[in-house]
Amino acid sequence: MTRSRLRESIYKLLFRVEFYPPGELDEQTDLFFGSDEWPEKAKQSEQDYVRNKFRAIVEKIPEIDEAVDKNSKNWTTSRMSRSDLTIIRLGVYEIRYDDDIPASVAINEAVELAKKYGQDSSGSFVNGVLAKFV
């Protein structure tokens with residue numbers, strides 16, 4: 001499975017954070033891996049990668065949101081669309097905490113997710129917010 005596909009899976013799990021209490025996230029993760037959204041032929045190592053990165057990002061959400069609020073001119077996380085916010089959280093995590101992913105790749109991948117899952121202006125919005133973290 002490609003890194004982009006793994007990242008998209010992480011995005012789909014992170015999006016659930018907005019709708020389920022923290023105590024239900026493990027159950028939601030299990031449901032995700034048992035759904036049609038997760039390929040049956042995926043390797044256990046890929047599932048572990050997605051699960052571990054998802055948990056790491058969830059732990060950092062308060063810190064990430066604080067940084068986003070501080071760096072986003074005229075925008076706060078409470079005003080952002082849930083899709084854009086989820087993509088930004090993933091991008092900020094990769095820029096700040098994932099040494100295996102160059103910032104330019106994290107931003108490019110986030111913009112692609114925003115184009116796919118966001119509104120028409122989401123790509124440029126996500127790009128603008130994440131650029132402030134480089």
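Residues numbered from 1 in each chain as written. Predicted model: local features only at pLDDT ≥ 70, side-chain atom pairs only at ≥ 80, totals over all residues. Heavy atoms only, no water.

Regarding unusual backbone geometry
- At asparagine 74, a residue that is not glycine, the phi angle is positive and equals roughly 65°.
- Relative accessible area serves as the criterion here: at 64%, asparagine 74 is assigned to the exposed category. (Buried < 20%, exposed > 50% of the residue type's maximum accessible area, 1.4 Å probe, protein only.)

Description of the packing of aromatic side chains
- Per the counting criterion, the structure on display carries eight aromatic pairs.
- Ring geometry for phenylalanine 15 versus phenylalanine 19: centroids 5.2 Å apart, planes at 50°, classification tilted.
- A ring pair is formed by tyrosine 93 and tyrosine 97, whose centres lie 5.5 Å apart and whose planes are at 35°; its orientation type is tilted. Here the residue tyrosine 93 and the residue tyrosine 97 both occupy positions in helix H4 (residues 82–97), the gap between them amounting to four residues, near one helical turn.
- Assessed through its relative accessible area of 11%, tyrosine 93 is described here as buried.
- On the basis of relative accessibility, which here comes to 25%, the residue tyrosine 97 falls in the partly exposed class.
- One residue, arginine 79, lies across the ring of tryptophan 75, its end atom 4.3 Å from the ring centre. (Phe/Tyr/Trp six-rings, centres within 6.5 Å; stacked < 30°, edge-to-face > 60°. Helix = DSSP H or I, 4+ residues; strand = E, 2+ residues; numbered from the N terminus. Lys NZ or Arg CZ within 6 Å of the ring centre and 35° of its normal.)

Focus on the environment of lysine 60
- Examined against the element boundaries, lysine 60 turns out to sit in helix H3 (residues 44–71).
- C-alpha of lysine 60 to C-alpha of serine 122: the two residues are 62 residues apart in sequence and 23 Å apart in space.
- Apart from residues no more than four positions distant in its own chain, lysine 60 is found in contact with Tyr93 and Tyr97. (Contact = heavy atoms within 4.5 Å.)

Focus: the nonpolar core
- Residues Val68, Ile88 and Leu130 are the most contacted members of the largest nonpolar core, which totals 38 residues.
- Looking at this core, the elements that each hand over two or more residues are helix H1 (3–15), helix H2 (25–33), H3, H4, helix H5 (103–117) and helix H6 (122–131).
- Those residues in contact with leucine 130 that sit more than four places away from it in its chain are Ile88, Gly91, Val92, Ile95, Ile107 and Ala110. (Core = buried A, V, L, I, M, F, W, Y, C linked by side-chain atoms within 4.5 Å.)

A few points about the pattern of salt bridges
- Across all of its chains, the model carries 14 salt bridges by this definition.
- Measuring nitrogen to oxygen at the nearest pair gives 3.0 Å for the salt bridge that ties arginine 7 to glutamate 94. Highlighted residues: arginine 7 in helix H1 and glutamate 94 in helix H4, separated in sequence by 87 residues.
- Residues glutamate 94 and lysine 53 are paired through a salt bridge, measuring 2.7 Å at the closest nitrogen-oxygen approach. Placement of glutamate 94 in helix H4 and of lysine 53 in helix H3 is noted, with a sequence separation of 41 residues between them. Like lysine 53, glutamate 94 is buried.
- It is possible to trace a salt-bridge network through shared partners that takes in Arg7, Lys53, Glu94, Asp98 and Glu109. (Salt bridge = Lys/Arg side-chain N within 4 Å of Asp/Glu carboxyl O.)

Distances and angles like these do not, on their own, reveal function.
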